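Examination of the molecular architecture
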Amino acid sequence: MKKTAFIFPGQGAQKLGMGQDFYEEFEESREVYDWASENLNMDMKALCFEENDRLNITRYTQPALLATEIAMLKVIEAKGIVPAVTAGLSLGEYGALVAAKKMSWQDALRVIERRGLFMQEAVPVGGAMSAVMGLDFEKVEEICRNTGGIVEPANYNCPGQIVISGEAEAVEKAGAAIKAAGAKRVAPLKVSGPFHSSMLKGAGEQLKPELSKVTWMDSDIPYVSNTIAEPVADSSAIEGLLVRQVSESVRWQQSVEKMMEMGVEVFVEIGPGKTLAGFLKRIDRKFPCITIETAEDLKKLEELVC
């Protein structure tokens, strides 16, 4: 089998109907959704499969999206396909930890339900995020440092695309300076808060007691941390990294480049949408990436990695 990385998208990838065909076709998937409904006190089928106004609310988005990613992962695992390394963007890192056998999927869902709630409750008034296209990371970092107030790099997505986060006034001011410095576009994002900025540090601290309840496991499969863009094999380091991850930059491009250095030949995006596959094309289009968002996609997976 080709050396394969399993990668998992983060908040923003969610969409109505995600995972429904997996639920209808596979017992492994039904087990995940049904367990989540019973143990997280939310009707996961209604949340993911039926028209509603909660799916884009952070406290519901996070467990719904992770349940979908895990429901798909369990079917892939049942086919005997094992990754060489895993990674996930923001909340997708929890899917990566499950795929790497560092934590149980039940623990991951319990923690992510709390994470979504803490992040929503911790959102301060006046936070914002903007996507920056067409300016190098170093220049964006410099402008953020020289702007008054709180404005910080939140996501290093791919060459020419970085997200900034912080106080609304500072994000707007930095955005204007970034545009003046030659950026092709600065686009305010429709988000409920300044995620992956120091303004969310309190939510990370709240997560500590929840993470301390997790039974961490050792395995031979490394996962690449968002926070340090390095593979983590020692399970004792994971807890602290997940606390930091809430309020520090997501180094996605650097994480992908690290997996390439590790000899990965194929990337498999597990979850709704094709966001990470799009980033991968911008990072290095020589590497194939397939997306698993429908049961039909499983056929492509077997052909590509075997």
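To start, this report covers the structure provided alongside it. For clarity, every value in this text was computed on a predicted model and none was experimentally measured.

What follows concerns the sheet that holds strand S4 (residues 151-158). Strand order across the open sheet formed by four strands is S4-S5-S3-S6, with antiparallel pairing between neighbours. Each edge of the sheet is formed by a strand with only one pairing partner; in this case those strands are S4 and strand S6 (185-188). Across the sheet, the mean angle separating the axes of adjacent strands is 25 degrees when strand polarity is ignored. Relative to strand S5 (residues 161-167), strand S3 (residues 127-133) is paired through seven bridges, and the arrangement is antiparallel. Considered in S5, the bridge of Met129 is made with Ser165. Contacting S3, S4, S5 and S6, helix H8 (residues 168-180) crosses the sheet at an angle of about 145 degrees to S5. Sheet strands in contact with helix H12 (residues 275-284) are S4 and S5, and its direction is about 80 degrees off that of S4.

Let us look at the pattern of salt bridges. Opposite charge on two side chains makes pairing possible when the charged atoms of those side chains draw close. Inspection of every chain in the model, using the stated rule, returns 17 salt bridges. Among the ionic pairs, Glu113 bridges to Arg114, the shortest N-O distance being 2.8 Å. Here Lys208 ties to Glu205 by a salt bridge, and the two come within 3.1 Å at their closest N and O atoms. With Lys208 and Glu205 both in helix H9 (residues 201-211), this residue pair falls three residues apart, about one helical turn.

On to the packing of aromatic side chains, then. Counted under the stated rule, the structure contains seven aromatic pairs. For the pair Trp35 and Trp105, a centre-to-centre distance of 5.5 Å together with 75 degrees between the ring planes defines the contact as edge-to-face. Separated by 70 residues along the polypeptide, Trp35 in helix H2 (residues 27-39) and Trp105 in helix H6 (residues 105-122) bring together distant segments of the chain. We classify Trp35 as buried; its relative accessible area is 16%. Grouping aromatic residues by their ring pairs yields a cluster made of Tyr23, Tyr33 and Phe49. The aromatic ring of Tyr60 is capped on one face by Arg54, whose charged end is 5.3 Å from the ring centroid. Sitting over the face of the ring of Tyr60, Arg59 holds its NZ or CZ atom 5.2 Å from the ring centroid.

Further remarks concern the pairing of strand S2 (residues 85-88). Remember that side chains alternate between the two faces of the sheet whenever the strand is regular. Covered by surrounding structure in S2 are Val85 and Ala87 together with Thr86 and Gly88, the residues of both alternating faces. The sheet contact formed by strand S1 (residues 4-8) and S2 spans four bridges and is parallel. Within S2, the position partnered with Ile7 by the bridge is Ala87.

Moving on to helix H10 (residues 238-245). All of the buried residues along H10 are Ile238, Leu241, Leu242, Val243 and Gln245. For H10, the elements touching its buried residues are helix H5 (92-99), H6, H9, strand S7 (223-224) and strand S8 (231-232).

What counts and how
Every chain is numbered on its own, with residues counted from 1 as its sequence reads. Local features are withheld for residues below a pLDDT of 70 in this predicted model, meaning they are given only at 70 or higher, and side-chain atom pairs are given and counted only at 80 or more; totals for whole chains, interfaces and linings count all residues. Hydrogen atoms and water are omitted, and side-chain values are computed over all heavy atoms in the structure. Between any two strands, pairing holds if DSSP finds at least two bridges. The way it works is that DSSP assigns letters per residue, a run of H or I at least four long becomes a helix, a run of E at least two long becomes a strand, and they are numbered from the N terminus. Axes, fitted as lines to C-alpha atoms, cover a helix only where it is in contact. Angles between the N-to-C directions of the axes lie from 0 to 180 degrees. Working rule for contacts: check all heavy atoms of both residues, and any pair within 4.5 Å makes them a contact. Take a side-chain nitrogen of Lys or Arg and a carboxyl oxygen of Asp or Glu: if they are within 4 Å of each other, that pair is a salt bridge. Between rings of Phe, Tyr and Trp, where Trp is taken as its six-membered ring, a pair exists when centres lie within 6.5 Å; planes separated by under 30 degrees are stacked, by over 60 edge-to-face, and by other angles tilted. Each residue's exposure class comes from its accessible area (1.4 Å probe, protein chains only) as a fraction of the maximum for that residue type: buried when under 20%, exposed when over 50%, partly exposed otherwise. In this scheme, Lys NZ or Arg CZ marks a charge over a ring once it lies within 6 Å of the ring centre and within 35 degrees of the ring normal.

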